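Take a look at the letters that make up each chain.
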Amino acid sequence: MGHAPGGPGAGGDCWGACVGLGLCLPPQSGVPPPVPTGAPCPQWPYCRKRCSYCNFNKYVVPAVDEAAVRACLVREARTLLRLSQVQSVTSVFFGGGTPSLASPRTIAAVLEAVAGAAHLPAGAEVTLEANPRSAGTARLAGFKAAGVNRLSVGIQSLDDAELRLLGREHTAAEARGAVEAARGLFPGRTSIDLLFGLPGQSRGAWARGLEAALGLCDHHVSLYQLTLERGTALAAQVSGGALPAPSQDLLADMYQTARAALVAAGFRQYEVSNFARKGTLSTHNLSYWRAEQYIGVGPGAHGRFVLRGEGGRSREARVQTLEPDAWMREVQSRGHGTRRRVVLSPLEQLEEVLALGLRTDEGVTHERWGRFSPHLSLEAIFGAPGEAKALQQQGWLVLDGGGLRCTWRGLALLDSLLPALLCQLQRRWAPPAAPALPAQGAAPAGGGGAPRRSP
Amino acid sequence: MSTYPVESIRNFSIIAHVDHGKSTLADRLLEITGTIAKTHHNKQVLDKLQVERERGITVKAQSASLFYSHEGANYLLNLIDTPGHVDFSYEVSRSLSACQGVLLVVDANEGIQAQTVANFYLAFEAQLAIIPVINKIDLKNADPERVEKQIEKLFDIPIDECVRISAKQGTNVEKVLQKVIEKIPPPQCNTADPLKALVFDSTFDHYRGVIANIALFGGEIQKGHKVVSAHTKKRYEVNEVGILTPNEQPTHKLYAGQVGYLIAGMKEVTEAQIGDTLFLYKQPVEPLPGFKSAKPMVFAGMYPVDQTEYNNLKSALERLTLNDSSVTVHRDSSLALGAGWRLGFLGLLHMEVFNQRLEQEYNMSVIVTAPTVPYKAVLSSAKLIKDRRAVQKDMLYIDERRVILKYLFPLNEIVVDFYDALKSLSSGYASFDYEDAGYQAADLIKMDILLNGNPVEELATIIHNDKAYATGKFLCERLKDAIPRQLFEIAIQAAIGKKIIARETLKAYRKNVVAKCYGGDITRRMKLLKRQAEGKKLMRKIGNVEVPRDAFIRVLKRQTDK
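Residues numbered from 1 in each chain as written. Chains lettered and ligands numbered in written order. Predicted model: local features only at pLDDT ≥ 70, side-chain atom pairs only at ≥ 80, totals over all residues. Heavy atoms only, no water.

On to the overall build of chain A. Along its length, chain A carries 16 helices and 15 strands. A burial count over chain A gives 54% of its 455 residues as buried. For chain A, the share of sequence-separated contacts (at least 6 apart) that also reach a separation of at least 24 residues comes to 70%. When the accessible surface of chain A is totalled, it reaches about 18,800 Å², and 54% of it is carbon and sulfur. (Helix = DSSP H or I, 4+ residues; strand = E, 2+ residues; numbered from the N terminus. Buried < 20%, exposed > 50% of the residue type's maximum accessible area, 1.4 Å probe, protein only. Contact = heavy atoms within 4.5 Å. Areas by Shrake-Rupley, 256 points an atom, 1.4 Å probe, with all protein chains shown as cover.)

Structure below.
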């Protein structure tokens, strides 16, 4: 049977997923216990300009004290890795902002810090997001030398008029150049970002753009529908009537066209927005959707991990301080700038596992579900007559030996399926019964053998 | 009070169209006579209700007794403030019957308006002295000369009888008081006569019971007297009498010709109805003419937002109607909304004020709908009248400018907004009264609303054949807006038996998945999804269609865009 939960070294070297249930997975003979793993996500929050559709935590400043920021990223990475007690890193992803604006020296320093605090395997995926304007061959070579082995180029569109509408600082020609340079240095390990559903964009324009992108891309494409976020310049133009908002039907058509075209070109749609050829799935992104541990480092970064280094036992949702200067002060004074941390209850973790896992073509496997819910299987929750069964009958969902996942049609409507599935999960889930007390004697915690005084 | 002989008393009212300045003039008169201190804060002093002060309207008539000296003599002037809005014309007429004269206030820019005319006729028919007062002469666009000519032409009152004032600034207001004394006769009554008191208003006080505003047409009244209501025949003992200044000030006795209040152990305002006559026990008198129960003109269904609020709403309604005997209340129920009431109001403003008081004073939010109208199913037509299936019965000219039209209407057609539409179309000049003409055979059918073929019980209606298409289409459109898109198409139909007469289609979602969870920020998305999950739990299922709980309310809710 299991053992009483405890801090580090108290038996189960589980990687934290099961803790919070008060139970630990029994170590299986002959199989070494899994090692805590995690994926650091360092953020470089600075950009040269703000795109018209962007509402992310980004800062446009005339001058960046790179050395100071670097030092803080390094320090926070070390601190958080130590707090998480992650022993082996699965991948690293430099996001932001525009990480390609940071110097290769900064990238190298952060990777060094990571390698110093945990084991960074030689072949681990290290991705850098790049803007075409800061992705010249020389610069990219510098990043490669620093340890980057995968590049994600934000091209968004290959049409100059569209790029202007989006407020991008590069031209289509520059975008092409950047992708070619990237493919040269990171062959088979280059990804491009594409946007569809721009205000005023026609089906024809999108079809042409897609074709152009397919002619240029490597083996990985991330495809996003433009969302008009409140407060952005583009949203203001649309709500003011200067630009038309695309209709729901048009957006649906564009998405389905793209999916079909990419699949026809040999891509596998492994997630709602992500397509990969020749097995080049992004390890890092998979860790989000598989509810593995990831460690956000830098202003506004998000993380999900267990603070085993503090004796923590449950997976936390964490956010680092948004504003760079404030974040730096905090890192300098106490080693990290964590603004918010919330412990996720077992049910909340399961909800995330479900909502994220269903975004992938693999869905939620029985094994993964079992790590978060060892006592109630997918079958127990979703197999009984109810919402999931109905959705299966309607052809949106599948529950079988492989787990729970969306069908091809269902994936496009996931947000219509999830509320019902969450209802079913909430209804049918219950915490496990309390474990039997360890057989050490009649004494409860607090003493060995002394009779307890009644209050 | 005994020091004021009848000859020294003047009972008068201020009448006018809405916003021409009655209440402001009342403020100034109160100040001048020292009844209230002269400060900047005196604004609509007689409007005691919060809703009155907010909207700048008078809802309940109040009164005040003013003491004034003129040329060496002391006078007792009883002022009765009246509502200006068309909804309250009955209350105006009762207040007038207690007066011998009126100040007819007219805005110097707007000139004569609908209520000016209506009120003039009321005063004229009551044979009261009429003093025209032209107000707001301080404003830039004021044209008192033009208005005086209007008055002379329409009402036959000589120009030199008009008084030009600015109530806001106080200009010439003293002259008004002098005119009141000179032109308005004292009441013709005798304290030696038996008691005859007109009730022209009543309010409810939690500690003292009903306070009735009375005008004595004969006799005297004091504590200990036993009085009888001509209408209810009930007997009461007087606990207190007094005058209003404008707050209650008890006195020993009230005499014929005077105006004040009375407290006599009445428990509900329905026991002191406006227009009623009070006399001494064992000394009955001829009741004062013109009494009638207030007739509701506009009806509405009122339901609690949630059935658990039913009792709270019930007691709020009871308390609010304590002080408003002109609201009629009947219990009612609806499949969609549960148990509620059907309320009758004197007009749309009356209803709105009532709702506002419900919200402000009792913190209740309610669903207001068009009311259900009783029908018996059996079987058998100006543009307003034509659209409402009316049958003309009679037409009679009163004089060169007024005509009475008699029509037979189905009740259904007038309960909601006929009165208001009539007033609107005629710029307020038309007036309206009705009486029950019994049940009549009509071409009525039952109309169903279907969602993907499944009937929605709560929205089924009995409706006249002629109206079926328009109403059906309207309900379908409203329902389409109230239901969220789903994974399949939804056909919303109105049907009579098997025949579909209207249809709206709610298309299915084709794409509904958020593109990107930026950098691991899953929290926001989870919050949204969980909120949607909560919403789903509250939804009703009709066939396979998920309908939010408030969908029916949104469909049935009365439109308040006026």
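We are not done yet, so read on.
Below, the discussion takes up the overall build of chain B. Assigned secondary structure in chain B consists of 14 helices and 29 strands. Going through the 562 residues of chain B one by one, you find that 51% of them count as buried. As presented, chain B carries roughly 27,000 Å² of accessible surface, and 49% of it is formed by carbon and sulfur atoms.

Detailed reading of the predicted coordinates is not advisable wherever pLDDT is low. Residue and element names in this part refer to chain B. Residues with a pLDDT of 70 or more make up 77% of chain B, whose mean pLDDT is 79. The low-confidence segment residues 376–382 (pLDDT under 50) makes nine contacts with residues lying over four places distant or belonging to another chain. The ipTM assigned to the predicted complex is 0.84, against a pTM of 0.63. (pLDDT = per-residue confidence, 0-100.)

Time to look at the sheet that holds strand β19 (residues 338–345) of chain B. Residues and elements named next belong to chain B. Spatial strand order, β18-β19-β17-β20: four strands in an open sheet with antiparallel pairing. Each of the sheet's edge strands pairs with one partner strand only, and the pair in question is β18 (328–334) and β20 (366–369). Within this sheet the neighbouring strands show an average axis-to-axis angle of 30°, counted without direction. Across four bridges, strand β17 (residues 298–304) lies against β20 in antiparallel orientation. (Pairing = 2+ DSSP bridges. Axes fitted to C-alpha atoms, helices over the stretch in contact; angles between N-to-C directions.)

It is worth spelling out unusual backbone geometry at this point. All names here are of chain A. Despite not being glycine, Q85 has its phi angle at roughly 60°, a positive value. Assignment of secondary structure puts Q85 in the loop between α1 (66–84) and β2 (88–89). Note on Q85: relative accessible area 32%, which makes it partly exposed. Its identity as a non-glycine residue notwithstanding, A291 has a phi of 55°, on the positive side. Tracing the chain through its elements places A291 in the loop between α9 (283–289) and β10 (294–297). With a relative accessible area of 3%, A291 lands in the buried category.

Moving on, we come to the environment of L459 of chain B. Residues and elements named next belong to chain B. Tracing the sequence through the fold places L459 in the loop between β24 (454–455) and β25 (461–464). The spacing of L459 and A494 is 35 residues in sequence and 9.9 Å in space, taken between C-alpha atoms. If we skip the residues at most four places from it in the chain, L459 touches M447, I449, L475, L479, F552, V555 and L556.

A side chain with one charge may pair with a side chain of the opposite charge, provided their charged atoms come close. On inspection of all chains with the given rule, the structure shows 38 salt bridges over all chains. The salt bridge involving E316 of chain A is made with R318 of chain A; its shortest N-O contact spans 2.9 Å. Judged on exposure class, the residue E316 of chain A and its partner R318 of chain A are both buried. Between E31 of chain B and R28 of chain B there is a salt bridge; the shortest N-O distance is 3.1 Å. (Salt bridge = Lys/Arg side-chain N within 4 Å of Asp/Glu carboxyl O.)

On to helix α11 (residues 346–357) of chain A, then. All names here are of chain A. Between its first and last C-alpha atoms α11 spans 16 Å; for 12 residues at 1.5 Å apiece the expected length is 16 Å, and the two agree. Counting buried positions along α11 yields 10 of 12 residues, so the element is predominantly enclosed. Taken together, the buried positions of α11 are L347, Q349, L350, E351, E352, V353, L354, A355, L356 and G357. (Expected span 1.5 Å × (residues − 1).)

All names here are of chain A. Orientation of α1 relative to helix α2 (residues 104–117), taken along the N-to-C sense of each, is 20°, at an axis distance of 9 Å. For the element pair α1 / α2, the angle class is roughly parallel. Taken as a pair, α1 and α2 cross one another with a handedness that is right-handed. Residue-level inspection shows E66, R70, L73, V74, R78 and L81 of α1 in contact with α2, the latter providing R105, T106, A109, V110, A113, V114 and A117. (Parallel < 35°, antiparallel > 145°, perpendicular 65-115°, else oblique. Left-handed = near helix turned anticlockwise from the far one by under 90°.)

Looking now at the interface of chain A and chain B. On the side of chain B, 27 residues touch chain A, which itself brings 44 residues to the contact. Buried area between chain A and chain B, both sides added, is near 3,300 Å², and the carbon and sulfur share of it is 56%. For R510 of chain B, the salt bridge identified is with D249 of chain A, shortest N-O distance 3.3 Å. Where chain A packs against chain B, one counts 13 residue pairs in polar contact (both at pLDDT 80 or more). Within the residue set of the side of chain A that touches chain B, elements represented by two or more residues are β6 (190–196), β7 (220–225), α8 (248–264), β11 (302–306), α11 and α16 (414–428) of chain A. In terms of residues, the side of chain A that touches chain B owes the most to one element, α16 of chain A, which gives 10 residues. Here the residues of the side of chain A that touches chain B sort into 24 nonpolar, 11 polar and nine charged. (Buried area = accessible area lost by both parts, 1.4 Å probe. Polar contact = N/O pair within 3.5 Å; in protein donor to acceptor, adjacent residues only side chain to side chain. Nonpolar A, V, L, I, M, F, W, Y, C, P; charged D, E, K, R; others polar.)

Let's shift gears to the nonpolar core. Residues and elements named next belong to chain A. Core analysis: the largest hydrophobic core is formed by 111 residues, its most contacted members being L354, W369 and F382. Looking at this core element by element, the count peaks at eight residues for α1. The residues that make up this core include at least three from each of domain 1 (18–288) and domain 2 (357–429). Those residues in contact with L354 that sit more than four places away from it in its chain are V364, W369, F382, L404, L418, L421, L422 and L425. (Core = buried A, V, L, I, M, F, W, Y, C linked by side-chain atoms within 4.5 Å. Domains from an automatic or database assignment.)

Time to look at the pairing of β6 of chain A. On any regular strand, side chains alternate: one points to one face of the sheet, the next to the other face. Residue and element names in this part refer to chain A. In terms of residue burial, β6 counts as a mostly covered element, since seven of its seven residues are buried. Where strand β5 (residues 150–156) lies against β6, five bridges are found, and the strand directions are parallel. Bridge pairing in β6 links V153 to I192. Bridge count between β6 and β7: six bridges; the pairing is parallel. Residue pairing in the sheet places S191 in a bridge with H220 of β7. At this point the chain moves from β6, through helix α6 (residues 203–216), to the parallel β7, and the crossover so formed is right-handed. (Right-handed = clockwise from strand over helix to strand, strands pointing away.)

Attention now goes to the packing of α11 of chain A against α16 of chain A. Residues and elements named next belong to chain A. Look at α11 against α16: their axes get within 10 Å of each other, and the N-to-C directions meet at 150°. By the angle between their directions, the pair α11 and α16 is classed as roughly antiparallel. In this structure, the crossing between α11 and α16 has a hand that is right-handed. On the side of α11, the interface is formed by L347, L350, E351, L354 and A355, while α16 contributes L414, L418, L421, L422, L425 and Q426. Classifying every residue of the contact of α11 with α16 by side-chain character gives nine nonpolar, one polar and one charged.

The next thing to look at is the packing of aromatic side chains. Residues and elements named next belong to chain A. Applying the stated criterion across every chain yields a total of 11 aromatic pairs over all chains. Geometrically, the ring pair formed by F196 and W206 is tilted, given 5.5 Å between the ring centres and 40° between the ring planes. In this pair, F196 is assigned in strand β6 and W206 in helix α6, connecting sequence segments 10 residues apart. A relative accessible area of 1% places F196 in the buried class. Ring centres of F196 and Y255 lie 6.1 Å apart, and the angle between their planes is 20°; on these two criteria the pair is classed as stacked. One end of the pair, F196, is in strand β6; the other, Y255, is in helix α8, and 59 residues separate them in sequence. (Phe/Tyr/Trp six-rings, centres within 6.5 Å; stacked < 30°, edge-to-face > 60°.)

Next up on the list: α6 of chain A. Residues and elements named next belong to chain A. Here α6 is 14 residues long and its end C-alpha atoms lie 20 Å apart, about the 20 Å a rise of 1.5 Å per residue gives. Taken together, the buried positions of α6 are occupied by A205, W206, L210, A213 and L216. The buried residues of α6 occupy one face: seen down the axis, they fall within an arc of 135°. Opposite the packed face of α6, turned more than 90 degrees from it, sit the exposed residues R208, E211 and G215. (Arc of directions from axis to C-beta.)

A separate point is the pairing of strand β27 (residues 499–506) of chain B. Residues and elements named next belong to chain B. Here seven bridges tie strand β26 (residues 490–496) to β27, and the two strands are oriented antiparallel to one another. Paired with A495 across the strands is I500, a residue of β27. If you look at the hairpin formed by β26 and β27, you'll find two residues sitting between the two strands, and G497 has a positive phi there, around 60°.

Turning to the environment of A146 of chain A, a few remarks are in order. Residues and elements named next belong to chain A. Take A146: it is sitting in helix α3 (residues 137–146). A relative accessible area of 17% places A146 in the buried class. Note: C-alpha distance between A146 and I107 (39 residues apart in sequence) is 6.3 Å. Not counting the four nearest positions on each side in its chain, A146 is found in contact with P104, I107, A108 and L111.

This paragraph deals with the sheet that holds strand β12 (residues 240–244) of chain B. Residue and element names in this part refer to chain B. Read from one edge to the other, the open sheet built from eight strands follows the order β11-β10-β16-β7-β8-β15-β12-β13, with strand pairing classed as antiparallel. The open sheet has two edge strands, β11 (235–237) and β13 (248–251), and neither has a second partner. Across the sheet, the mean angle from the axis of one strand to that of its neighbour is 40°, orientation sign disregarded. In this sheet, β11 lies alongside strand β10 (residues 226–229) in antiparallel orientation, the contact comprising three bridges. Looking at β11, one finds that K226 is bridged to E237.

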